[in-house]
Amino acid sequence: MLKCSLQDGSALEFVHTLPVTGANTKEVSGSLDTCMPGMQKKMLRASLREISAALREGQVSPTELCQKCLSLIKATRFLNAYITVAEDIALKQAEASKKRYRQGQTLGDLDGIPFAVKDNFSTAGVETTCASNMLKGYIPPYNATVVQKLLDQGAVLVGKTNLDEFAMGSGSTDGAFGPVRNPWSYSRQYREKCVQNFSAQNEDTSWLITGGSSGGSAAAISSFTCCVALGSDTGGSTRNPASHCGVVGLKPTYGLVSRHGLIPLVNSMDVPGILTRCVDDAATVLGVLGGHDAKDSTTVQDSFHPFQLPSLTDMKNVCIGIPKEYNIPGLSSETLAVWSKAANLFEKAGAKVIDVSLPHTCYSIVCYHVLCAAEVASNMARFDGLEYGHRSCADKSTEALYAATRREGFNDVVRGRILSGNYFLLKQNYENYFIKAQKVRRLIATDFAKLFRSGVDILLTPTTLSHTVPYVEFMKEDNRTRSTQDDIFTQAANMAGLPAINVPSALSEKGLPIGLQFIGRAFHEAQLLAIAKWFEKQVQFPVLQLQGIMDNLDTVSYQEKSAFFS
């Protein structure tokens, strides 16, 4: 039972009987300790600049903000968004930030801002598992560059978020710590639309997936348990859950943000992703994270300077491309309608909106999976039970130790991708699979380059085929099939190394988020984010109303905020 005394003296109670990580059902309990004063309530959904200003003016302290986030993490732990909650570390960092504010010696705009990190980024002194039995108990001796940059700004690490094992998946359902539940499963918007379908009997099977593999980070942002979250994006793993959870998910240009300390999946495509509640926040965080890193030779050598997004009033002199290959069978009618209305919105604002073609798109998903499996096989070879991570008790021979360690440490999905990758890399298959896929990848990148050289500024596409689906429906298909469907619109940007962002755009008839993807030119994040910000302002996506827990937060109704797409 969760209780919070409201300002009028009444009590808010919230009971959930849900399984957290296993088959056993148990009551979820937690505490919001005290009611949040109006300022603190607003802080949880304000922009980073507004929070930073409030911290400077003393309207709220870093410690208070941290404590509220930790309370919400406990209150929403049935979502299973976090693998590790770094409560002691967070409170210590928040107290240090509070002292800096008192002394007028803050470290930056993110000083005192609570953030969460996907559990495939190394964090010194904090367990890093990749949601795998292989790395349970592994505590890195160093921080990933992106984590260190946030800490250097004074940001407060509240925890490590859940994911698919080693980031191999598109639902955040295949990790060793159990699946992540989408906060929108418990939203007033969704429950009011689908109330006739709910009962005590199906409560445990009706919850929705977050998407993946950065589902924990997306759920953490969506449920207000932190202000910034880091994900990783190899084929859409930041944008996909951002779309399903109704938040902003940015994949920067490959090489703009350091991969040092990100446990690799596909070296040539992995990019640290940024999840926030608005586009401005994503730009703020990118300004901190971007730039050359001596520890990552793939980062850009040119200097990178933070930028502030302009408030555009119209879209004159902007050319928006609509790739015809993205209108495919399986695209839901609602997503297609939102995509079409968004194109019309840009056209009415003065933009030039044209149909364009990316002719090799139809080959991209197959190409992606061949290259992904090949690099996975190479990267997973380091987990042999000798240096770090899980080690089997089998000691008959070195070969037996290797085999038993990997059998016990990896789940079926990871083992399957390793086997596929090794098959593609066999001497007799290398030319027919890996080399051909690399050639197709070059053609895909060339398609994008030609479009941008022709005068197109931004490509507008769907992010996912439809809104999120119930867990039981999602699990009817195997991981590979699900990933093929869910990555169809997102993986091409990774293969071309381009920046892309999901912007939540509307609620479906069931009251669930639908996102659209904006793809920009390499290293032109300022233009991409400025246009995304303008679009975000036009659609005014509604705030999640998390039943029971968030009832006492100021909210704006769907009818008031999304009239354009109604």
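This structure is a prediction, so every number in the text was calculated from the model and none was measured. (Residues numbered from 1 in each chain as written. Predicted model: local features only at pLDDT ≥ 70, side-chain atom pairs only at ≥ 80, totals over all residues. Heavy atoms only, no water.)

Novice: Now, about the packing of aromatic side chains: what can you tell me, with residues and values included?
Specialist: The way to describe two aromatic rings as a pair is by their centre distance and the angle between their planes. Evaluated as defined, the whole model comprises 18 aromatic pairs. Taking 5.0 Å as the distance between ring centres and 55° as the angle between the ring planes, the aromatic pair formed by Phe 166 and Phe 383 counts as tilted. Taken as a pair, Phe 166 in the loop between strand S7 (156-161) and helix H6 (188-193) and Phe 383 in the loop between helix H11 (361-379) and helix H12 (398-409) lie far apart in primary sequence, 217 residues in all. Between Phe 383 and Phe 410, the aromatic rings sit 6.2 Å apart at their centres with planes inclined by 90°, giving edge-to-face as the arrangement. Here Phe 410 lies in the loop between H12 and helix H13 (412-424) and Phe 383 lies in the loop between H11 and H12, a separation of 27 residues in the sequence. In terms of burial, Phe 383 and Phe 410 fall into one category: buried. It is Lys 136 that lies over the ring of Phe 177; its NZ or CZ is 5.2 Å from the centre. (Phe/Tyr/Trp six-rings, centres within 6.5 Å; stacked < 30°, edge-to-face > 60°. Helix = DSSP H or I, 4+ residues; strand = E, 2+ residues; numbered from the N terminus. Buried < 20%, exposed > 50% of the residue type's maximum accessible area, 1.4 Å probe, protein only. Lys NZ or Arg CZ within 6 Å of the ring centre and 35° of its normal.)

Novice: If you had to explain the pairing of strand S14 (residues 500-507) to someone new, which residues and values would you point to?
Specialist: It is a general feature of regular strands that their side chains alternate between the two faces of the sheet. Taking burial as the measure, the eight residues of S14 include eight buried ones, the bulk of the element. Sheet topology note: the strand S9 (residues 248-251)/S14 ladder contains three bridges and is antiparallel. What sits directly across from Leu 250, in S14, is Ile 501. What sits between S14 and strand S15 (residues 513-519) in their antiparallel hairpin is a turn of five residues, with Gly 511 showing a positive phi close to 80°. (Pairing = 2+ DSSP bridges.)

Novice: Lay out the packing of H13 against helix H16 (residues 479-486) with the relevant residues and their values.
Specialist: Between H13 and H16, the shortest axis-to-axis distance is 11 Å and the interhelical angle comes to 80°. With respect to each other, H13 and H16 are oriented roughly perpendicular. Only Asn 479, Arg 480 and Ser 483 of H16 make contact with H13, whose side of the interface consists of Val 413, Gly 416, Arg 417 and Ser 420. Split by residue class, the contact of H13 with H16 holds one nonpolar, four polar and two charged. (Axes fitted to C-alpha atoms, helices over the stretch in contact; angles between N-to-C directions. Parallel < 35°, antiparallel > 145°, perpendicular 65-115°, else oblique. Contact = heavy atoms within 4.5 Å. Nonpolar A, V, L, I, M, F, W, Y, C, P; charged D, E, K, R; others polar.)

Novice: Mind laying out the pattern of salt bridges, listing which residues take part and the relevant values?
Specialist: In the structure shown here, the tally under the stated rule is eight salt bridges. Among the salt bridges present, the one from Glu 87 reaches Lys 74, with a minimum N-O distance of 3.4 Å. Taken as a pair, Glu 87 in helix H4 (residues 87-103) and Lys 74 in helix H3 (residues 62-75) lie far apart in primary sequence, 13 residues in all. Residue Asp 412 pairs with Arg 415 through a salt bridge whose shortest N-O separation is 2.3 Å. One end of the pair, Asp 412, and the other, Arg 415, are both in helix H13, three residues apart, so they sit about a helical turn from each other. Judged by its relative accessible area of 57%, Asp 412 falls in the exposed class. (Salt bridge = Lys/Arg side-chain N within 4 Å of Asp/Glu carboxyl O.)

Novice: Describe H3, with residues and values.
Specialist: Compared with the 20 Å implied by 1.5 Å per residue over 14 residues, the 20 Å span of H3 between its first and last C-alpha is a close match. Of all 14 residues making up H3, 11 are buried, and the element is well covered by its neighbours. When we look at burial in H3, the residues that qualify are Pro 62, Thr 63, Leu 65, Cys 66, Lys 68, Cys 69, Leu 70, Ser 71, Leu 72, Ile 73 and Ala 75. (Expected span 1.5 Å × (residues − 1).)

Novice: Would you mind going over the environment of Phe 410 in detail, with residue names and values included?
Specialist: Here Phe 410 falls in the buried class, since its relative accessible area comes to 3%. The sequence separation of Phe 410 and Ala 176 amounts to 234 residues, and the corresponding C-alpha distance is 9.2 Å. Discounting chain neighbours no more than four positions away, the residues touching Phe 410 are Ser 132, Met 134, Glu 165, Phe 166, Met 380, Phe 383, Arg 415 and Ile 418.

Novice: Hey, could you go over the side chain of Asn 494 for me, with residue numbers and the actual values?
Specialist: Along the chain, Asn 494 turns up in helix H17 (residues 491-496). We classify Asn 494 as buried; its relative accessible area is 1%. Here Asp 233 takes part through its backbone oxygen, which lies 3.1 Å from a polar atom of the side chain of Asn 494. Residue contacts for Asn 494: discarding those within four places in its chain leaves Asp 233, Thr 234, Gly 235, Gly 236, Arg 239, Lys 251, Met 269 and Arg 441. (Polar contact = N/O pair within 3.5 Å; in protein donor to acceptor, adjacent residues only side chain to side chain.)

Novice: How would you explain the nonpolar core if you had to name every residue and give the values?
Specialist: Here is a general trend for soluble globular proteins: nonpolar side chains tend to be buried in one another's company. Among the nonpolar cores identified, the biggest contains 119 residues, and Phe 166, Phe 346, Phe 448, Leu 460, Ile 501, Phe 518 and Phe 535 are the most heavily contacted of them. Of all the elements, H11 adds the most residues to this core, at nine residues. Contact partners of Phe 448, with chain neighbours within four places excluded, come to Tyr 326, Leu 358, Leu 459, Ala 492, Ala 496, Leu 498 and Ile 519. In this structure, Cys 66, Ala 90, Ala 116 and Val 180 belong to the second largest nonpolar core, which totals 21 residues. (Core = buried A, V, L, I, M, F, W, Y, C linked by side-chain atoms within 4.5 Å.)

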